[in-house]
Every structure is written in C-alpha cells, then in structure tokens.
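Chain by chain, the residues run as shown.
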Amino acid sequence: RKPSASLAHNHRVTTNNAPKLNKTTMTTRTGALSSRLVLAFLALLCVLAAVIIRGNRRSATNSTRTISKATRMTKETTSNNMRSRSMVGGYSAMDLELLRSEEVLEIATFALAQHAAGLSPFGETFAAVSPEEAEGGAVQIKVLEAQRQVVAGLNYKLTLALTREDACLGAFRVTVYKPLPHMEQGLTVSSWGKTLGCDDEEVVDLLEMAKEGEEETALRVEEG
C-alpha cells in the first residue's frame, strides 16, 4: 500500500506540473512570433523607405534635367534674337547731308501723309492739312532734326515743320520705323511726339538753320 500511495503522489505532481510547462512553452512561442512579426514589419518599412528615396532621387534628377533643358533653350533663343538684331544701338544724330537726303525725305513725307489722313493725335486745331494739300505739295515739310537708330530695320526720330507758301504752320516730333527690305513691310509710325509752335525758340532756330543749309546747298549746285 505504501508504494501505491507514492505512485499516486507522483502522478499528482506530474499532473500539476504539466499545465505550467505548457503555459511557459506557449508564452515563449508567442514571444518569438511577435519578434518575427516586428522584424518583418521593420524590414517592410525599410523597403518602403528605400523605394521612396529612390523615387525622390529620380524626380530630383528629372527636375534638374528639365531646368537645364529650359535654361539651354532660353540661352539659344536669346542668342538667336541677338544675332537677328546684331546691330542694335542707340540713336545717332544725322549730319546735314543725310538730313536732306531722299532717305529722310521719304520718312518725312510719310509722316506728313499720316497726319493729313487724321492718324496723328494732334487734332484739327494743330496745322490742319488735307490729304490733297499734302499730296499736291501745297503744304511742304521741312526736316529740322533727324536721328537714326539701327534695330531689326531702322528707327527715325524726326522734328518736322509744316509750311504753306513759306509760312510756318507748326512743327511736331515723330518716330517712324522702316523695316528691312526682306521683311516686305511698309513704314509705320512708332510714336507721335509733342507739337511745337512756330514761335517756339527751338523751332525758330532750327528753321533758320534749315534755311541756311538750303541756301548753301543751292549755292553749291550753282557753282558745280
């Protein structure tokens, strides 16, 4: 009977210890599984971070290439514009010979025709001229001052006086653009300047100088 009691006691001990061993094992396994899940999650985060960084690098590279291309195109366009206007400069005064040349007379006559057609902003109160008077020569135009600027063509900045039977009607400033021959365009008025009265000191002086120049030219023609 004593051995039987001992065996029963051992059986109870074994039975009582069995659940404790199973719980410990399950806890260990659960901890190991959790660690693996955490590691897997961290690895996934690393992969996503690498993908994002690579994408940002590609975007930055593409942006740099786009900016470089745009800059290059801008420089090429600027260079082409500079070549097409290679002789652009400021206004330069024209000497007396050019002042009375057919070139300047053409520009002045055009400006007179535009004014006679009512295309100037001066209104009817200033030196009213009809198209018939301008075309027929009843109203003459005198070039008092002339400046020329080389662009993609030529800009002429003129001070003109209108006369009828040698009587001054008034003066005005105007800028006329003459395009290059291959452009196949006509003359255009770039801007109308201010009007000047016949009693304006500047106009009086310029008219006197113009008269002296005409007399000198006539004298050279007679002597020649």
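Up top you'll find the structure we're talking about.
Residues numbered from 1 in each chain as written. Predicted model: local features only at pLDDT ≥ 70, side-chain atom pairs only at ≥ 80, totals over all residues. Heavy atoms only, no water.

Colleague: Which parts of the structure should I look at to understand the state of the cysteines?
Modeller: Linking two cysteines covalently via their sulfur atoms produces the bond known as a disulfide. What the rule picks out here adds up to 1 disulfide. Between Cys-168 and Cys-198 runs a disulfide, and the two sulfur atoms are separated by 2.1 Å. The chirality of the disulfide connecting Cys-168 with Cys-198 is left-handed, given an S-S dihedral of about -85°. Residue Cys-168 is found in strand β4 (residues 167–179), and its partner Cys-198 is found in the loop between β5 (188–196) and α5 (201–223); the two are separated by 30 residues along the sequence. A relative accessible area of 27% places Cys-198 in the partly exposed class. (Disulfide = S-S within 2.5 Å. Helix = DSSP H or I, 4+ residues; strand = E, 2+ residues; numbered from the N terminus. Buried < 20%, exposed > 50% of the residue type's maximum accessible area, 1.4 Å probe, protein only.)

Colleague: Before we go on, may I ask you to explain the side chain of Thr-175 in this structure?
Modeller: Take Thr-175: it is sitting in strand β4. Every residue in contact with Thr-175, bar those within four places of it in the chain, is listed here: Tyr-91, Tyr-156, Lys-157, Thr-188, Val-189, Ser-190 and Ser-191. (Contact = heavy atoms within 4.5 Å.)

Colleague: Looking at this structure, how should I read the pairing of strand β2 (residues 140–151)?
Modeller: Here is the key point about a regular strand: its side chains alternate between the two faces of the sheet. The sheet contact formed by strand β1 (residues 92–93) and β2 spans 2 bridges and is antiparallel. By the bridge assignment, Ala-93 is partnered in β2 with Gln-147. Here β2 runs beside strand β3 (residues 153–164); their pairing, made up of 11 bridges, is antiparallel. The residue bridging Ala-146 from the neighbouring strand is Leu-158, located in β3. As consecutive antiparallel partners, β2 and β3 are separated by 1 residue. (Pairing = 2+ DSSP bridges.)

So yeah, pure geometry; function would need other evidence.
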